[in-house]
Amino acid sequence: MLELLQRIFGRDSLKSSKNVAQERLRLVLMHDRLDLSPQVLEELRADLMNVIKDYMVIDEKMMEINLEQDKKCVALVANIPVVRMKRLPSH
Amino acid sequence: MGEVYVITSGKGGVGKTTTTANIGTSLAMQGYRVVLVDADIGLRNLDVVLGLENRIVYDLVDVAHGRCRLRQALIRDRRFENLYLLPAAQTKDKTAVNPEQMKELCAELKKESDYVIMDCPAGIEQGFRNATAGAEKAIVVTTPEVAAVRDADRIIGLLEASEIRDPVLVLNRIRTKMVKTGDMLDVEDVIEHLAIDLLGIVPDDESIIISTNRGEPAVLNSDSKAGQAYRNISRRIAGEEVPLMNLEDGGGFMNRVRRLLGLRTG
């Protein structure tokens, strides 16, 4: 109902140019700040590995992590081959 | 011993020079000893905004190269005897000054002033490095537009990589009506994106154009909303706690009543 009223009065906030600006700004800043140095990426990789090791045995040499981006989003993509699952005490 | 501020933005045309002139003049009105430095070598314009363009004899490059003494190059303001300008050179050679010379210059200037305020050129090249070399604190100016905020973000990154910690933000040219109708980014949006402390907000105000035409900074005009905003900002720089200006008070009825009664809004 409120939505309808907003539409009637031309205040569809979802389409206001401010929201467009917000979204464009969010993406452009993310892309600008994405410039991670190889050193930082290596640290991230080491940290990730330490967390995962508590749960499963992974093939460290084959592990790949990368930041991938397209027009709409940025993703941290990790490809981590699992060798064996650990037996967790809670199970 | 004074403090050295640099006023910077990355993007051109967002109001660095106007901000420098107004903050400097307002601090001088409060009684502080202020030196404004135009670090935009080759594109001198702070002198014009201050109305001092006819009085220039020597400039920053002359001082840096020892062609004159620092005192000879400083132009005293017509209105306030505690406000000085060190003008930029009009030389085409942007390498006429280096960061080391700027450091020495700032060290010299702050000995006998409370505030040294550096107007930084647009861009992130040599001019930026010169203007930030001797600065201890930074004020980043931006407007509520994607391009300006993006450049401000780059500048904040560069400032933090240098020795200048915790820059603060001035958000300039806010149009309250457009913010209300959802057609302009508002203060909270910009602050959230940039993750930086806010020093002040300045409304979009035609009186700025008039005061620039005349060479009289808007802070001298008690009716100017932008002038009021800059007076608030300079009081915050001096350590006072001043609440953010209510930009909606524009020409409303209550505001007119308040003005008639001689009351001023924050």
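Definitions and cut-offs
- Residues numbered from 1 in each chain as written.
- Chains lettered and ligands numbered in written order.
- Predicted model: local features only at pLDDT ≥ 70, side-chain atom pairs only at ≥ 80, totals over all residues.
- Heavy atoms only, no water.
- Helix = DSSP H or I, 4+ residues; strand = E, 2+ residues; numbered from the N terminus.
- Buried < 20%, exposed > 50% of the residue type's maximum accessible area, 1.4 Å probe, protein only.
- Contact = heavy atoms within 4.5 Å.
- Areas by Shrake-Rupley, 256 points an atom, 1.4 Å probe, with all protein chains shown as cover.
- Lys, Arg positive; Asp, Glu negative; His and termini not counted.
- Charge placed at Lys NZ, Arg CZ, Asp CG, Glu CD.
- Axes fitted to C-alpha atoms, helices over the stretch in contact; angles between N-to-C directions.
- Parallel < 35°, antiparallel > 145°, perpendicular 65-115°, else oblique.
- Left-handed = near helix turned anticlockwise from the far one by under 90°.
- Domains from an automatic or database assignment.
- Buried area = accessible area lost by both parts, 1.4 Å probe.
- Salt bridge = Lys/Arg side-chain N within 4 Å of Asp/Glu carboxyl O.
- Pairing = 2+ DSSP bridges.
- Phe/Tyr/Trp six-rings, centres within 6.5 Å; stacked < 30°, edge-to-face > 60°.
- Patch = residues over 30% accessible without salt bridge, like charges linked within 9 Å, V, L, I, M, F, W, Y side chains within 5 Å.

## Section: the overall build of chain B
On a plain count of helices and strands, chain B comes out with 12 helices and eight strands. For the C-alpha atoms alone, the extent of chain B along its principal axes is close to 60 × 35 × 30 Å. The burial tally for chain B puts 54% of its 266 residues in the buried class. Once local pairs closer than 6 in sequence are excluded, the contacts in chain B between residues at least 24 apart make up 73%. On chain B, roughly 12400 Å² of surface is accessible, and the fraction owed to carbon and sulfur atoms is 48%. Side chains of chain B give 34 positive and 39 negative charges; the mean places of these two sets differ by 4 Å.

## A closer look at the overall build of chain A
Scanning chain A from terminus to terminus reveals three helices and four strands. Along chain A, from the amino end to the carboxyl end, the secondary structure elements read α-α-α-β-β-β-β. Here chain A, with 91 residues, has 15% of them falling under the buried criterion. Long-range pairs, those at least 24 residues apart, make up 48% of the contacts in chain A between residues at least 6 apart in sequence. For chain A, the exposed area adds up to about 7500 Å²; of that, 56% sits on carbon and sulfur atoms.

## Here we look at the packing of helix H2 (residues 17-33) of chain A against helix H9 (residues 187-194) of chain B
Look at H2(A) against H9(B): their axes get within 11 Å of each other, and the N-to-C directions meet at 15°. Here H9(B) runs roughly parallel to H2(A), going by the angle between their axes. In this structure, H2(A) meets H9(B) at a crossing whose hand is right-handed. Residues Lys18(A), Gln22(A), Leu25(A), Arg26(A), Leu29(A) and Arg33(A) of H2(A) pack against Asp189(B), His193(B) and Leu194(B) of H9(B).

## Quick notes on the domain arrangement of chain A
All names here are of chain A. Domain annotation of chain A identifies domain 1 (1-33) and domain 2 (36-91). With four residues of domain 1 at the interface, the matching set in domain 2 holds six residues. Taken over both partners, the interface formed by domain 1 and domain 2 buries close to 360 Å², and the fraction arising from carbon and sulfur atoms is 52%. Sorting the residues of domain 1 by area buried against domain 2 places Leu 27, Met 30 and His 31 first, and these three jointly supply 85% of that buried surface. Viewed at the interface, domain 2 and domain 1 are joined by zero salt bridges.

## Comments concerning the pattern of salt bridges
Evaluation of the coordinates by the stated rule reveals 17 salt bridges over all chains. Of the charged contacts in the structure, one is a salt bridge between Lys18(A) and Asp189(B), with a shortest N-O distance of 2.9 Å. Remark: Asp189(B) occurs in helix H9 and Lys18(A) occurs in helix H2; the pair is interchain, linking two chains. A network of salt bridges, in which partner residues are shared, links Lys18(A), Asp186(B) and Asp189(B).

## Focus: the pairing of strand E5 (residues 115-119) of chain B
Residues and elements named next belong to chain B. Counting buried residues in E5 gives five out of five residues, a clear majority hidden from the surface. Alternating positions in E5 separate into two faces, Tyr 115, Ile 117 and Asp 119 on one and Val 116 and Met 118 on the other, with burial throughout. Across five bridges, strand E1 (residues 3-8) lies against E5 in parallel orientation. Bridging from a neighbouring strand, Glu 3 pairs with Tyr 115 of E5.

## Some remarks on the pairing of strand E2 (residues 64-69) of chain A
All names here are of chain A. Across six bridges, the pairing between E2 and strand E3 (residues 74-79) is antiparallel. Within E3, the position partnered with Ile 65 by the bridge is Ala 78. Linking E2 to E3, which pair antiparallel, is a turn of four residues.

## Here we look at the sheet that holds strand E2 (residues 34-38) of chain B
Residues and elements named next belong to chain B. On the basis of which strands lie adjacent, the open sheet formed by eight strands has the order E3-E4-E2-E5-E1-E6-E7-E8 and mixed pairing. What marks the edges here is a single partner per strand, and that holds for strand E3 (75-76) and strand E8 (197-203). Sheet topology places E2 next to E5; five bridges connect them, and they run parallel. Each residue of the ladder has a partner; that of Leu 36, found in E5, is Ile 117.

## Considering the packing of aromatic side chains
Residues and elements named next belong to chain B. With the rule as written, the count across this model stands at two aromatic pairs over all chains. With a centroid separation of 6.2 Å and an interplanar angle of 50°, the aromatic rings of Tyr 5 and Tyr 115 are classed as tilted. With a gap of 110 residues between them, Tyr 5 in strand E1 and Tyr 115 in strand E5 connect regions that are remote in the sequence. Owing to a relative accessible area of 7%, Tyr 5 belongs among the buried residues under this scheme. Pairing Tyr 32 with Tyr 115 gives two aromatic rings, centres 5.3 Å apart and planes at 85°, and the pair type is edge-to-face. Pair noted here: Tyr 32 is in the loop between helix H1 (16-29) and E2 and Tyr 115 is in strand E5, with a separation of 83 residues, a long-range link.

## Structural notes on a nonpolar patch on the surface
On the surface, Leu36(A), Val40(A), Leu67(A) and Leu76(A) cluster together into a nonpolar patch covering about 290 Å² of accessible area. Following the sequence through the fold, Leu36(A) ends up in the loop between H2 and helix H3 (38-53).

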